[in-house]
Amino acid sequence: MRRILVTGGAGSLGTHLIPRLLASHPEAVIESMDCDENRSAMLRRECQSPRLLVRVGDVRWSPLHEDTDLIYHLAARKHVQFGDDADAREVNVDATRRLLATGIPMVFASTDKAADPALAYGRDKRDAEDSVVAAGGWALRMCNLWMSNGSLPAMVADEVRRGATRVRAPRGIVRHYMALGHAAMLLESVAGLAAGR
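Everything numeric here is computed off the predicted structure, so don't read it as measured data.

**Q** Describe the overall build of the chain, naming the residues involved and giving the relevant values.
**A** For the chain, the helix and strand inventory stands at 6 helices and 8 strands. Ordering the α and β elements of the chain from the N terminus gives β-α-β-α-β-β-α-β-α-β-β-α-β-α. When each of the 197 residues of the chain is scored for burial, the buried share is 44%. Surface summary for the chain: the accessible area is close to 10500 Å², and the carbon and sulfur share equals 54%.

And the structure:
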């Protein structure tokens, strides 16, 4: 492979996937596209490699390099409280379809909330999954990622750091988690299986 694009590359999952890709694809340029300038700068400092191209851009309209061989599409508006607005649908569905229209193979990070979607976020991710699979790509549906940006455990840890002595989760809610490193390994494995490696 010549070039691998990771959308959302400066996010929780992207920062775990990119070092794996740098190690497993020594001949490839790994490109991170993320709209968060500060996290992109942190990624560049943490993964100092001449083969890592870090770009600040928006998955909805930023141009792609024509020699891209594979897209790991991790960029998403994931916070369900923002899931009902048009911006979230543009990122979670429309941008996915825009990337698919390039014909570049895609591995798509989805969510367990797409299994039986009760909110717009789950429905949007389900629509995007359907588009990815229909285009011949691969969708990996994952549960909550432990200590990812904005996850419940990260928010509780933040509350405790701020001095909270009691933090309550909603009653009756059961959450399942996987480690970020395991999620990155699974995403990389999906692409390897698809390529017959």
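**Q** Describe the environment of Arg89, listing the residues and the values that go with them.
**A** With respect to the helices, strands and loops of the structure, Arg89 is situated in helix H3 (residues 86-100). Here Arg89 falls in the partly exposed class, since its relative accessible area comes to 29%. Between the C-alpha atoms of Arg89 and Ala76, which are 13 residues apart in sequence, the distance is 9.2 Å. Here Arg89 is in contact with Asp94, Arg97, Asp124 and Asp127, once residues within four sequence places are set aside.

**Q** Would you mind going over the sheet that holds strand S6 (residues 138-142) in detail, with residue names and values included?
**A** Strand order across the open sheet formed by 6 strands is S3-S2-S1-S4-S5-S6, with parallel pairing between neighbours. Every interior strand has two partners, whereas the edge strands, strand S3 (52-56) and S6, have only one. For this sheet, the mean inter-axis angle between neighbouring strands, taken without regard to orientation, is 15°. Direction of pairing for strand S1 (residues 3-7) relative to strand S2 (residues 29-34): parallel, over a ladder of 5 bridges. Residue Thr7 lies in a different strand from S2, and its bridge partner there is Met33. Strands S1, S2, S3 and strand S4 (70-73) of the sheet are contacted by helix H1 (residues 14-24), whose axis makes an angle of about 170° with S1.

**Q** Requested: an account of the pattern of salt bridges, with residues and values cited.
**A** Summed over the entire model, instances satisfying the criterion amount to 13 salt bridges. Residues Arg20 and Glu188 are paired through a salt bridge, measuring 3.0 Å at the closest nitrogen-oxygen approach. Pair noted here: Arg20 is in helix H1 and Glu188 is in helix H6 (residues 180-194), with a separation of 168 residues, a long-range link. Among the salt bridges present, the one from Arg77 reaches Asp87, with a minimum N-O distance of 2.9 Å. With a gap of 10 residues between them, Arg77 in the loop between S4 and H3 and Asp87 in helix H3 connect regions that are remote in the sequence. Three or more residues are tied together by salt bridges with common partners; here these are Asp58, Arg60, Arg77, Asp87 and Glu90.

**Q** Quick one: what's the story with the side chain of Thr68, residue by residue and with numbers?
**A** Relative to the elements of secondary structure, Thr68 occurs in the loop between S3 and S4. At 2.9 Å, the side chain of Thr68 and the backbone oxygen of His65 are in polar contact. Apart from residues lying up to four places away in sequence, Thr68 is in contact with Arg3, Leu5 and Ile104.

Analysis parameters
- Residues numbered from 1 in each chain as written.
- Predicted model: local features only at pLDDT ≥ 70, side-chain atom pairs only at ≥ 80, totals over all residues.
- Heavy atoms only, no water.
- Helix = DSSP H or I, 4+ residues; strand = E, 2+ residues; numbered from the N terminus.
- Buried < 20%, exposed > 50% of the residue type's maximum accessible area, 1.4 Å probe, protein only.
- Areas by Shrake-Rupley, 256 points an atom, 1.4 Å probe, with all protein chains shown as cover.
- Contact = heavy atoms within 4.5 Å.
- Pairing = 2+ DSSP bridges.
- Axes fitted to C-alpha atoms, helices over the stretch in contact; angles between N-to-C directions.
- Salt bridge = Lys/Arg side-chain N within 4 Å of Asp/Glu carboxyl O.
- Polar contact = N/O pair within 3.5 Å; in protein donor to acceptor, adjacent residues only side chain to side chain.

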